[in-house]
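Residues per chain are reported as follows:
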4 protein chains.
Amino acid sequence: MTVRLALIGAGRIAKVHAAAIQSLEDADLVAVADAMPGAAEALAARCGSRVMGIDEIAAHQDIDAVLICTPTDTHAGLIELFAKAGKHVFCEKPVDLDVKRATEVVRIADKAKIKLMLGFNRRYDPNFAAVRKAIDEGKIGAVEMVTITSRDPRAPDLSYASRSGGIFRDMTIHDLDMARFMLGEEPIWVSAHASVLVEPEFSQIGDFDSATVILETASGKQAVISNSRRATYGYDQRVEVHGSLGVLNAENQTENSVRLGTTQGYASAPLLSFFMTRYTASYAGEIEEFVTCIAEDRAPMTTGKDGVLALKLANACIASVEQHKRVAV
Amino acid sequence: MTVRLALIGAGRIAKVHAAAIQSLEDADLVAVADAMPGAAEALAARCGSRVMGIDEIAAHQDIDAVLICTPTDTHAGLIELFAKAGKHVFCEKPVDLDVKRATEVVRIADKAKIKLMLGFNRRYDPNFAAVRKAIDEGKIGAVEMVTITSRDPRAPDLSYASRSGGIFRDMTIHDLDMARFMLGEEPIWVSAHASVLVEPEFSQIGDFDSATVILETASGKQAVISNSRRATYGYDQRVEVHGSLGVLNAENQTENSVRLGTTQGYASAPLLSFFMTRYTASYAGEIEEFVTCIAEDRAPMTTGKDGVLALKLANACIASVEQHKRVAV
Amino acid sequence: MTVRLALIGAGRIAKVHAAAIQSLEDADLVAVADAMPGAAEALAARCGSRVMGIDEIAAHQDIDAVLICTPTDTHAGLIELFAKAGKHVFCEKPVDLDVKRATEVVRIADKAKIKLMLGFNRRYDPNFAAVRKAIDEGKIGAVEMVTITSRDPRAPDLSYASRSGGIFRDMTIHDLDMARFMLGEEPIWVSAHASVLVEPEFSQIGDFDSATVILETASGKQAVISNSRRATYGYDQRVEVHGSLGVLNAENQTENSVRLGTTQGYASAPLLSFFMTRYTASYAGEIEEFVTCIAEDRAPMTTGKDGVLALKLANACIASVEQHKRVAV
Amino acid sequence: MTVRLALIGAGRIAKVHAAAIQSLEDADLVAVADAMPGAAEALAARCGSRVMGIDEIAAHQDIDAVLICTPTDTHAGLIELFAKAGKHVFCEKPVDLDVKRATEVVRIADKAKIKLMLGFNRRYDPNFAAVRKAIDEGKIGAVEMVTITSRDPRAPDLSYASRSGGIFRDMTIHDLDMARFMLGEEPIWVSAHASVLVEPEFSQIGDFDSATVILETASGKQAVISNSRRATYGYDQRVEVHGSLGVLNAENQTENSVRLGTTQGYASAPLLSFFMTRYTASYAGEIEEFVTCIAEDRAPMTTGKDGVLALKLANACIASVEQHKRVAV
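Residues numbered from 1 in each chain as written. Chains lettered and ligands numbered in written order. Predicted model: local features only at pLDDT ≥ 70, side-chain atom pairs only at ≥ 80, totals over all residues. Heavy atoms only, no water.

## Some remarks on the overall build of chain A
Regarding its fold elements, chain A presents 12 helices and 15 strands. Compactness check: chain A gives a C-alpha radius of gyration of 20 Å against a globular reference of 20 Å for 329 residues, within 12% of the reference. Dimensions along the principal axes, computed over C-alpha positions, put chain A at roughly 60 × 50 × 45 Å. Considering only intrachain contacts with a sequence separation of at least 6, the fraction spanning at least 24 residues in chain A is 71%. Put simply, chain A shows about 12300 Å² of open surface, and 51% of that area lies on carbon and sulfur atoms. Each charge class in chain A was averaged separately, 35 positive and 43 negative side chains, and the resulting centres sit 3 Å apart. (Helix = DSSP H or I, 4+ residues; strand = E, 2+ residues; numbered from the N terminus. Rg over C-alpha atoms; globule rule 2.2 N^0.38 Å. Contact = heavy atoms within 4.5 Å. Areas by Shrake-Rupley, 256 points an atom, 1.4 Å probe, with all protein chains shown as cover. Lys, Arg positive; Asp, Glu negative; His and termini not counted. Charge placed at Lys NZ, Arg CZ, Asp CG, Glu CD.)

Next up, the structure:
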């Protein structure tokens, strides 16, 4: 079966997904939609697709699924529209910044019996996936403590940050999902600390740039997340899982493998610093998962429900910081 | 000047200190005392020292300083005794498990104008010392976030644990001191989570074997500590300091540097798993510091006051866990 | 300027080059030729190209250059044919297994004033290229000693080996080119040792599977190459350059970055074991270099002459082994 | 049984051995001899030993064995003297720079039925010993190719070099012994290249500072040695053994385990650069081996015969370089 897809949005991430679709044998990019006709046309031309409008795509019989790559505030509406049209939906996170609205949309998607996959792409990173696989194979016994280090190369500009929902809903949310993925059990307690250490302007918009979060599950498993909006040495993305029989560490990716030894000691390359370069394989992996789920009629690993649960944890972090207390989820 | 020393206690750690003293040009081990005469005699014979009683050492004119290597509950009394006798004192941590008593003893030592050095040996580890030195040289700019991973190779037996003061006052206290050392600013907030994941028996004595702690300073710097009483892969002792200009990582020490590559991938040695082997250099370093401080008449880097401050943080951790809340220090 | 290209051959490596061409903005794959029409058609369909015959391509006005991806024994003839037709030529190594014939073909290409680029792809590997760049920037001062470790994951089958020209002309030749690239000076002496340690059958065809080579230049710079036809732990491809001010090491690439620590020590992934996966970036890089050289009318870094020089060194290795002596080049 | 030892020589390496003896339970340092009485007295005082003359030690009934730590040209005579006196002998390498004389001395020691151990200390390095142990355990199957990288931090001064016997007999000889240790089979062919790249003055004394050597055994196993008299990044000491089932790598030792990540990438410590610091454990290990061999009446791992065989290989290297040819051993 060939899965026929449409891209909603023709921006940077849409282009990445378009390339992933082209590399798959059983997927076909039929249409591209974008508010800016020029962008849609350019991408469509490069991929041998057609430009269509949202409604045309929703009504089109030869389109099985859509990939929503538009601004966050359009996600919920578009998911609802395409779900009702019976199209499977892949959507960049989040479903919505409001838990109630996000929950409602997930319910609509469920009712429409479509597949709603959320772009928590990091679960498809070959390194993190290998960690999860090793856990499943019993390599470290029972999971006890998860440590996630996640630092952006540089802080976003204020205009982006002010629309982002804040560090916990914009950045930490990826790590909250990763913690859930690795813990294998839902957190019931959250302690979060946050401060402004990088960009003083973040105070003005009530946001933070540095945060530490502890999650604890009912059985006492613990996860800790360390976030910073700026790491001079690159995009710092590490996961460690400590268990009863051992430990698993997924290390960072560097620009190259060359070391220079001199009287000053050794020098080596910084980390990959662009999220698209660092997560190239995981972006391709999530699209392959989406297409395969449709072809094989099975549920994706990251669904709208995962989006809602991560959002609830992000909101608990915010409450923990604001109220200077540990919060029950 | 040759510094003339006496060892109070002739057990395992006393032997380590005796060897350190022998390797120093400007130090002389004059006497050894121990409740078990045989142990004192054996150690004295090996070092060309004499066996003496506590009071004899306190009264002896040719002894400048003592190293207290006896059980925890004797520390406070011995420090007081030797301080009043005008001897400089090196004491294994803690001064006392009770903050009030510890504070009192520190005051007595201050009043006696003796040097009271506390054995937070990890600050003298060449790796952690190199991290601190690099911070002082401005290599990473302003310190923002400290991450300390500290896991014992195996859980102590229940009888030890029940006399230890609990994980926070026995084990985490080293990491709390390390956090203070690296942060360069006192924590004012503590959030701690703890559970029993390793040895179910720890529940019976009201202790924990797995803990995560967040410390936050007035300016918003954050430190996180991850503790486990059991790491199958060895003695896991890492420190990471993230700053405005860069990051510093002190990595673990392995048994050897050999890698084996086969069809299964690469295999390499586990971590050093005995604390005396892992911290060989830091035990020697702290004794050198103590002797040098006496010879040069300057204050040691780790004093009784550091012991009190770390103990207060440990107590805050306990309160945070017991009351399920963030605690102000 | 858009460079219009034709692929001669539609096999495995041709497909890799086709994908590289598609990813370049200024290159267009116009035609595909193959002795097996089905293979050519399949590849052409996937790339939006046309199937043409050799002569049609040679005569076609709208084709600037060809990529020769056919069996070794056809290289010389095809280069000659396309050079005389005025097409630029990218050819997989070698030009020919016979030095005289290879030299003649290079002369024909020179006379035709076309660009003849040889596929010594490893020079375009980002790691090895970073080593060369660091040398050029003076990071290690004067180059003194080069160490190249190059081991295949598994020995080729006898039928391939017997047509390959032997280990030195088939496998070592890449390392001989790398040594020339890193030394920056031509070798004048060769000492080679070789034996059959992996596959006894290699003795029957007069070939070897394990070899060590020393190259020495007029100024005394030395390079050593260590080859094996089988490395259980993956595709072992390392380069080290030792100079007056420092050393550069390009390390291996592993399947992922995950480490597992247990009581047995640490385990990590084997090396990438497929040459196309290991050298993905260098295959793309050499095609980009070829297209750019044509667009900018400059000479490629790896020419037919480099092929002839590497072949002469390979022949010197064979003479050294056969005659049990050091050979002057 | 306590083994009673005397030190012949009281210089730098003698002090290292004295400390090793003191740390052993079953060894006693009875006497120290040195041409300079002051040096002998200082060392004896520090160790609770007596100063004696050579003849007194040879005649002393309560001395079981001697450690010869005097200049190279005295080794043969002293070994002969003490062997005839029935003392076991540990001697720093070489026995003698002349193969004939060295062979004669080994024969004398054999005849006297004393243990003659040669200080090829590197075999007792925990890392290289772990490599050998893994080979013996079958971890890499049959040994095929050995790669030894051995570079001094800085070139010796000319006066030392001119008395040293040249790079092959002074420096490479350690690596030739290591190659024999790892190959487990005697080399029958030697190809050596050498040049002056570091210190032009070495040409004046007919010596070299940069060398590459290939050794080949009867069954075709190959070893390669890469030597330089100067490595800016520290004391470079690596061993790699490639076998039918895998590969073993003993990596370098660095000054500390700290990494600094900044916008420039990662920086880490240089290698340990002093041979006594790098080989601390192996110096202690060889003395323990010597004492144990005497106590248990078994042959040491490194004997005078190993010294003769390594010297023959060194001489073959010299012949290979001088005559520009491969040499049969």
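## Quick notes on the sheet that holds strand E3 (residues 50–51) of chain C
The strand order across the open sheet built from six strands is E3-E2-E1-E4-E5-E6 (chain C), with neighbouring strands paired in parallel fashion. Looking along the sheet, the strands with just one partner apiece sit at the ends: E3 and strand E6 (116–118) of chain C. (Pairing = 2+ DSSP bridges.)

## Details of the pairing of strand E5 (residues 88–91) of chain B
Residues and elements named next belong to chain B. Residues His88 and Phe90 line one face of E5 and the alternating positions Val89 and Cys91 line the opposite face, and both faces are buried. Examined bridge by bridge, strand E4 (residues 65–68) and E5 share four bridges and lie parallel to one another. What sits directly across from leucine 67, in E5, is phenylalanine 90. Assessed by its sense of winding, the connection that carries the chain from E4 through helix H4 (residues 75–84) to E5 is right-handed. Relative to strand E6 (residues 116–118), E5 runs parallel, the two sharing three bridges. When the bridges of E6 are listed, valine 89 appears paired with leucine 116. (Buried < 20%, exposed > 50% of the residue type's maximum accessible area, 1.4 Å probe, protein only. Right-handed = clockwise from strand over helix to strand, strands pointing away.)

## Focus: the relation of the copies chain A and chain B
With an RMSD of 0.0 Å, the fit of chain A onto chain B corresponds to turning through 180° and sliding 0.0 Å along the axis. Those values place the two copies in the arrangement expected of a two-fold rotation axis. An overlap of 100% is found between the interface residues of chain A and their copies at the interface of chain B, pointing to a shared contact surface. (Least-squares fit on C-alpha atoms with pLDDT ≥ 70 in both.)

## Some points on the domain arrangement of chain A
All names here are of chain A. As far as domains go, chain A holds domain 1 (3–114) and domain 2 (123–273 + 309–328). Put simply, the middle of domain 1 and the middle of domain 2, counted by C-alpha atoms, are 28 Å apart. The partner domain 2 presents 10 residues to the six residues of domain 1 that form the contact. A per-residue breakdown of the area domain 1 buries against domain 2 is headed by Lys93, Leu97 and Val99, which together make up 87% of the total. Counting across the interface, domain 1 meets domain 2 through one salt bridge. Between lysine 93 and aspartate 170 there is a salt bridge; the shortest N-O distance is 4.0 Å. Linking domain 1 with domain 2 are one residue pair in polar contact (both at pLDDT 80 or more), by the criterion used here. A breakdown of the residues in the side of domain 1 that touches domain 2 according to their chemical character gives three nonpolar, no polar and three charged. (Domains from an automatic or database assignment. Buried area = accessible area lost by both parts, 1.4 Å probe. Salt bridge = Lys/Arg side-chain N within 4 Å of Asp/Glu carboxyl O. Polar contact = N/O pair within 3.5 Å; in protein donor to acceptor, adjacent residues only side chain to side chain. Nonpolar A, V, L, I, M, F, W, Y, C, P; charged D, E, K, R; others polar.)

## A word on the sheet that holds strand E1 (residues 3–8) of chain D
All names here are of chain D. With parallel pairing, the six strands of this open sheet are ordered in space as E3-E2-E1-E4-E5-E6. Pairing within the sheet leaves two strands with one partner each, and these edge strands are strand E3 (50–51) and strand E6 (116–118). Bridge count between strand E2 (residues 27–33) and E3: two bridges; the pairing is parallel. For alanine 31, the partnering residue across the bridge sits in E3 and is arginine 50. Lying over the sheet, helix H11 (residues 280–296) contacts E1, E2, strand E4 (65–68), strand E5 (88–91) and E6, oriented at roughly 165° with respect to E5. (Axes fitted to C-alpha atoms, helices over the stretch in contact; angles between N-to-C directions.)

## A word on the relation of the copies chain B and chain C
For the match of chain B to chain C, the screw axis carries a shift of 0.0 Å, the RMSD comes to 0.1 Å, and the turn is 180°. Here 100% of the interface residues in chain B have copies in chain C that are interface residues too; the copies meet face to matching face.

## As for the packing of aromatic side chains
With the rule as written, the count across this model stands at 24 aromatic pairs over all chains. Three or more aromatic residues link up through ring pairs in this structure, and these residues are Phe128(A), Tyr235(A) and Tyr279(A). Between Arg326(A) and the ring centre of Trp189(A), over which it is positioned, the NZ or CZ distance is 4.8 Å. A cation over a ring is seen here: Arg278(B) above Tyr279(B), with NZ or CZ 4.4 Å from the ring centre. (Phe/Tyr/Trp six-rings, centres within 6.5 Å; stacked < 30°, edge-to-face > 60°. Lys NZ or Arg CZ within 6 Å of the ring centre and 35° of its normal.)

## Re the pattern of salt bridges
Evaluated as defined, the whole model comprises 111 salt bridges over all chains. Between Glu137(B) and Lys133(B) there is a salt bridge, and its shortest N-O distance comes to 3.0 Å. Its relative accessible area of 44% is what places Glu137(B) among the partly exposed residues. The class of Lys133(B) is exposed, set by a relative accessible area of 52%. Here the salt bridges do not stand alone but share partners, grouping Arg123(A), Asp177(A), Arg180(A), Glu186(A) and Asp306(A) into one network.

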